[in-house]
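Fold and geometry: a report
Single-letter residue listing:
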Amino acid sequence: MIFLHITVEQAGEESLILRCPDPNAPHIRALLALLRDADKRIPARSQDAHCFLHPADVLYAEYVDRSVFLYTCDSVLTTPLSLSELESLSCAFVRCAKAMVVRLGAITHLKSRAGGRILATMQNGEQILISRHYAAALRSALHNP
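The shown structure was predicted, so the numbers you read here are calculated from the model rather than taken from an experiment.

**A look at the sheet that holds strand β8 (residues 107–112)**
Read from one edge of the open sheet, 3 strands run β8-β9-β10, paired in antiparallel fashion. Since the sheet does not close on itself, it has two edges, and those belong to β8 and β10 (127–130), each with one partner. When strand polarity is set aside, the average angle formed by the axes of neighbouring strands in this sheet is 25°. As judged from the 5 bridges shared by β8 and strand β9 (residues 118–122), these two strands associate in the antiparallel manner. Bridging from a neighbouring strand, S112 pairs with I118 of β9.

Shown next as structure tokens:
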């Protein structure tokens with residue numbers, strides 16, 4: 001069980017003290033990853049508007065015709081970032097095909113397919129096929145957030 005104790009201090013820098021028996025426990029590692037990504041933003045463009053998305057708003061990203069497209073629950077945007085840059089920007093993104101990265105937290109269901117592939121269902125109901133080549137890395141990322 002996790003107990004949360006917050007002390008509000010009026011002055012000084014923000015700090016967080018985490019006391020736990022195992023800092024490598026999956027739920028602790030996931031919490032630390034969330035904190036690391038809290039202030040990161042992804043530059044994006046939708047038609048004529050420029051914006052910045054939080055990584056948690058992106059379901060997956062795909063490289064098509066020399067552009068990287070970001071898919072959210074209700075829109076498709078472009079970004080100047082490469083798929084590799086997205087992977088390094090946030091530990092939430094994992095490569096699932098040569099031309100695609102997926103956000104682990106956006107996956108709702110996984111189903112094994114022939115040839116070692118995995119069919120992933122996303123939060124918006126869309127299904128993505130994870131190639132055999134990247135399936136092992138996806139499994140590893142799911143077991144070790």
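After presenting the structure, the write-up continues.
**Description of the nonpolar core**
If you look at soluble globular proteins, the nonpolar side chains tend to sit buried side by side. By size, the foremost hydrophobic cluster in this structure holds 19 residues, and its most contacted members are Y60, V102, I107, M122, I130 and L138. Only β6 (93–97), β7 (100–103), β9, β10 and α3 (132–143) provide two or more residues apiece to this core. Those residues within four positions of I107 in sequence are excluded, and the remaining contacts are V102, A120, T121, M122 and L138. Counting residues in hydrophobic clusters, the runner-up holds 13 residues, among them I42, A44, L70 and L81.

**With respect to the packing of aromatic side chains**
The tally for this structure, following the rule as stated, stands at 1 aromatic pair. Look at Y60 and Y71: their rings are 4.4 Å apart centre to centre, the planes differ by 10°, and that puts the pair in the stacked class. With Y60 in strand β3 (residues 60–64) and Y71 in strand β4 (residues 67–71), the pair connects residues that are 11 residues apart, well separated along the chain. Of the two residues, Y60 and Y71, neither departs from the other in class, the shared state being buried.

**Comments concerning the pairing of β4**
For a regular strand, side chains alternate in direction, first toward one face of the sheet and then toward the other. Two elements, β3 and β4, share 5 bridges in a ladder whose sense is antiparallel. Along β4, the bridge assignment pairs E62 with F69. Taking the residues that link successive antiparallel strands as the turn, the β3-β4 hairpin has 2 residues, and the phi of D65 there is positive, at about 50°. Between β4 and strand β5 (residues 76–79), which pair antiparallel one after the other, the connecting turn spans 4 residues.

**A few points about the side chain of T121**
Inspection of the secondary structure puts T121 in strand β9. With a relative accessible area of 16%, T121 lands in the buried category. At 3.3 Å, the side chain of T121 and the side chain of Q127 are in polar contact. Excluding residues within four positions of it along the chain, T121 makes contact with A106, I107, T108, H109, E126 and Q127.

Rules used throughout
- Residues numbered from 1 in each chain as written.
- Predicted model: local features only at pLDDT ≥ 70, side-chain atom pairs only at ≥ 80, totals over all residues.
- Heavy atoms only, no water.
- Pairing = 2+ DSSP bridges.
- Helix = DSSP H or I, 4+ residues; strand = E, 2+ residues; numbered from the N terminus.
- Axes fitted to C-alpha atoms, helices over the stretch in contact; angles between N-to-C directions.
- Core = buried A, V, L, I, M, F, W, Y, C linked by side-chain atoms within 4.5 Å.
- Buried < 20%, exposed > 50% of the residue type's maximum accessible area, 1.4 Å probe, protein only.
- Contact = heavy atoms within 4.5 Å.
- Phe/Tyr/Trp six-rings, centres within 6.5 Å; stacked < 30°, edge-to-face > 60°.
- Polar contact = N/O pair within 3.5 Å; in protein donor to acceptor, adjacent residues only side chain to side chain.

Everything listed here is a matter of coordinates, which is why it stays silent on function.
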